[in-house]
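In case you want the letters, here they are:
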Amino acid sequence: MPFSASTDTPVTTSPPTAGKTNRLFWRWWRKQSPSQQDRYATLGPLVSVLLFLAAIIAAFWYLRNEEIEREQESVKRDTEVVQQQIRLRLIENQEQLIRLARDISMRTVDPDQFLKQAGDFVRARPEVISVSWVQADERIKASQSSLGLPLEPGQGIDLDQFSRQLEPQDGAAERNEPHSAFRLAKERNQPVYSQPYANALATKVIQVHIPLIDRSGFVGTVVTEYSLEAMMRYLVPREVASRHAMSLVEIDGETLTSTVGSVTETSAKPTFVHEVVVTPVGNGLILRGMGFRTSSSLIGNTLFWMVMALSALTVWTLMGTLRHMRRRSQIQKTLVQETNFRRAMENSMLTGMRTIDLEGRITYVNPAFCAMTGFSEEELLGCVPPYPYWPRDRLDEFNRMFQQELLGRSPMGGIEVVMQRRDGSQFDARLYVSPLIDAQGDQTGWMTSVTNITEAKRVRDQLTAAHERFTTVLEGLDAAVSVVSVQRGELLFANRSYRLWFGANPDTHSLLTGGRLQPDYEGEADEAVDSFGGLPTQELTNAGSDTHEVFIEGVQKWFDVRARYVQWTDGHLAQMLIATDISSRKQAEEATARQAEKAQFTSRLITMGEMASTVAHELNQPLAAISNYCSGMISRVNAGNIENEALIGALEKTSRQAQRAGQIIHRIRQFVKRSEPQRQPARVRDITDAVMELAVFEMKRRRVTLHANVANRLPMLMADPILIEQVLLNLLKNGAEAIDGAQMPQSRRHIDLRVQQRYFEDQGDVVEFSVTDSGPGMKEEMLARLFEAFHSTKAEGLGIGLSLCRSIIESHHGRIKAENIYNGPTVTGCCFTFTLPIDSGAPSDFQDSAPPASNDLLADNP
């Protein structure tokens, strides 16, 4: 590409007339800027050098990879050749040993002949250390060794002979290898190779055990011991050993022996490794072939390094030129960007900026200052005090502030002033003054920033007024409001009611909250935490309020306390509390409770009053019997014709009648006795028995039969038994009255009482009491209002019985309902059902199984 000699820039020549590609290139070249053309002109030689260098590196990489692949294939081939040599030799030895073992099993070879054949076998094979004939009891019968260590018959195998002769120093694990191989050969009845181990001469060896089997079974083994070092010395071909290193290793990587000496002698790390399993040994014995990288003549080629050096020098020179051009272009771009940024910042800034020199002459104003005052830049530049935006009625005040500004005494927090626009309107502003320093560090004037605070001041005044109104509302509340810091325990706010009742004592705040000032928070750490205490303010302030009631002894008042955590104005966590005086409500609740207790007692009295005639009749029977017994005894005593036994029998009958009358009176007295409602563990059987003893009088009087069916093993109830008896007796009495009032025939004059344990999804486990009568039933509109206070289905009723029943059952967290019983479209009776919850920890009432599960109380004809 041609360049100009003076400017070093490309010379634009006429594009060639031939070739569409050239025309497109020159068209694209004209569109580029001069700086871009310079950059492309510099990048051309750089790209050429880089491409040449890449071609050299690629060729070197290709040749080196081919060399590595050839070396790796050579290692693999030599390793497999050595593996084949070892395998063939071991198989050949194993076949001869099998023939020797077969001769021993057929008893054609005695120990002397065995020693002769074993000697020939050992001398012909330098890798074999010894051959031994071992009996089934692990005793050596004959042995031939190449180490010159003859063994006498009767000596033991490994633990006796090999464990003493070849005592390893690595622990008991290696000494057991011959034993393990012996046992495996005995179990499998086939040749077994042992794991490698070291003998007493520190030689790594393996053993092969050939089993001896005759008609009686296993009779021993022929044990052959191989030296691994000798195997590598005699079985690895010389040409293979000269090219690559071969070694035998265990499965865990430990090297047993190698053709290059000990492991410590080979400090170089092999580049190529190929491993194969040594067969037929197995047992984790691996043959490893290793190749080492050698120096390549290509690396030492002087011409190659000269080309590399020249290419690197050229690249370095071109890179330096490119960096210089880029640095110059970046500086120019940065200067343009900085200028544009400052101009954009001046034009978009909402804060007015004004600069004056040391004499007070305006030297600079930004567009925001001009828009704020309404004067143009031309009108303001060069002005001296008084400035046109100073209010005419405050010139003296502004002159004093200006003199303070020139003296450098302006407050650091700024000055609030009133400025005047061109149209005469005024606005509030805050001025911040700072010295203007040039590049040499000398002060050349003053820089003033002006902020319009008219809206901010208006909002601040509104917030102040709202705060005053809010404080007035809090001070006028009848409830005590207080805020206490969680970390410091300091009382941050207290309204008039709090100060009137408790003073300014923060301890009362803690007393109202029950001492729970610190939150019980268990969760992951959050970024929004209190900067003072590290507490998670986001979760605590979002949580709901905690409501409870507390009595304060100092003021003798009950308070409804609501507390929650808030983030105070300083950002710290605080607890806000609102305590409302509920003493009047508490007194009303206590009065209501007393009235309810009186109503319950009155209801029991009314019930017994209605049953008074029946109870009197029941008491008259035992009293009349007592009178008759006494009259008869007096007559017979006066006549002198009574014996002691007859007299005692008559007195016992009299006593039983008196006890019967006393039980009736005791039951009535217990039922109507005034007592505080209290919940206690109660047996369902005791409740139903007591109710049936009282209800039997009403049932007899109205000729109604009562059928009771109480389930066995019902759990204990946590209830007031007297109140539950009152509910059950009231339901039974109402059923008897309904039957008698409707003049039902004798076949329909019966009531069923059923008690059983049931489970409901919305209630859980409950004990269900149901009272079913065979009366006329009730209208649907009456059923809807049946449990309302002062609503009765009887003409003379007060309407408090069923209402009290509902209150009693609901106070025990139970439910009560009433429904008609239909036989087709005909109403055949009414069923009242109420349930009481079961305490999950209450035991079952096993004593319920003692009485019968059902009782029938039949009405007596009067």
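Presented here is an overview of the structure given in this document. (Residues numbered from 1 in each chain as written. Predicted model: local features only at pLDDT ≥ 70, side-chain atom pairs only at ≥ 80, totals over all residues. Heavy atoms only, no water.)

## Some points on the sheet that holds strand 12 (residues 362–365)
Each strand in a sheet pairs with its neighbour through backbone hydrogen bonds, running either in the same direction (parallel) or in the opposite one (antiparallel).
Then, in step 1: In spatial order, the strands read 12-11-15-14-13; together these 5 strands make up an open sheet with antiparallel pairing. This sheet does not close on itself; its edge strands, each paired only once, are strand 12 and strand 13 (415–420). Neighbour to neighbour, the strand axes of the sheet diverge by 35° on average, direction disregarded.
Then, in step 2: Most of the contacts of helix 13 (residues 454–476) go to strand 14 (residues 426–437), to which it runs at about 120°, and overall it touches strand 13, strand 14 and strand 15 (443–452). (Pairing = 2+ DSSP bridges. Helix = DSSP H or I, 4+ residues; strand = E, 2+ residues; numbered from the N terminus. Axes fitted to C-alpha atoms, helices over the stretch in contact; angles between N-to-C directions. Contact = heavy atoms within 4.5 Å.)

## Remarks on unusual backbone geometry
Then, in step 1: For the peptide bond that leads from T279 to P280, omega is 5°, which places it in the cis range.
Then, in step 2: Positionally, P280 belongs in the loop between strand 9 (272–277) and strand 10 (286–291).
Then, in step 3: Residue P386 follows P385 across a cis peptide bond; omega there is -5°.
Then, in step 4: The phi dihedral of N189 is positive, around 60°, even though this residue is not glycine.

## Focus on the pairing of strand 14
Then, in step 1: For strand 13 and strand 14, the ladder comprises 6 bridges, and the chain directions are antiparallel. Note on strand 14: the bridge partner recorded for E416 is R430.
Then, in step 2: In this antiparallel pair of consecutive strands, strand 13 and strand 14, the connection spans 5 residues, and G424 shows a positive phi of 95°.
Then, in step 3: Judged from the 9 bridges that link them, strand 14 and strand 15 form a sheet pairing that is antiparallel. Opposite L436, over in strand 15, you have G445 as the bridge partner.
Then, in step 4: Once strand 14 ends, the chain turns through 5 residues before running back antiparallel as strand 15, passing G441 with a positive phi of about 90°.

## Description of the nonpolar core
Then, in step 1: If you look at the biggest cluster of nonpolar residues, it comprises 45 residues, and the most contacted ones within it are V684, I751, V755, F769, F832 and F834.
Then, in step 2: In this structure, V208, M231, V278 and L287 belong to the second largest nonpolar core, which totals 37 residues. (Core = buried A, V, L, I, M, F, W, Y, C linked by side-chain atoms within 4.5 Å. Buried < 20%, exposed > 50% of the residue type's maximum accessible area, 1.4 Å probe, protein only.)

## Thoughts on the environment of V771
Then, in step 1: Tracing the chain through its elements places V771 in strand 25 (residues 764–773).
Then, in step 2: Given the relative accessible area of 2%, V771 is considered buried.
Then, in step 3: Distance from V771 to A708, taken between C-alpha atoms, is 9.3 Å for residues 63 residues apart in sequence.
Then, in step 4: Aside from chain neighbours lying at most four places away, what touches V771 is L728, L731, L732, I751, D752, L753, C830, C831 and F832.

## A short note on a nonpolar patch on the surface
Then, in step 1: Together, W61, Y62 and L63 line one region of the surface with nonpolar side chains, adding up to about 370 Å² of accessible area.
Then, in step 2: Counting through the fold element by element, Y62 comes out in helix 2 (residues 34–105). (Patch = residues over 30% accessible without salt bridge, like charges linked within 9 Å, V, L, I, M, F, W, Y side chains within 5 Å. Areas by Shrake-Rupley, 256 points an atom, 1.4 Å probe, with all protein chains shown as cover. Salt bridge = Lys/Arg side-chain N within 4 Å of Asp/Glu carboxyl O.)

## What about the pattern of salt bridges?
Then, in step 1: Inspection of the entire model under this criterion finds 26 salt bridges.
Then, in step 2: Residues D78 and R243 are paired through a salt bridge, measuring 2.9 Å at the closest nitrogen-oxygen approach. Here D78, found in helix 2, pairs with R243, found in helix 8 (residues 238–243); they are 165 residues apart in sequence, far enough to count as distant.
Then, in step 3: What makes D78 buried here is its relative accessible area of 2%.
Then, in step 4: Residue classification places R243 among the partly exposed positions, given a relative accessible area of 45%.

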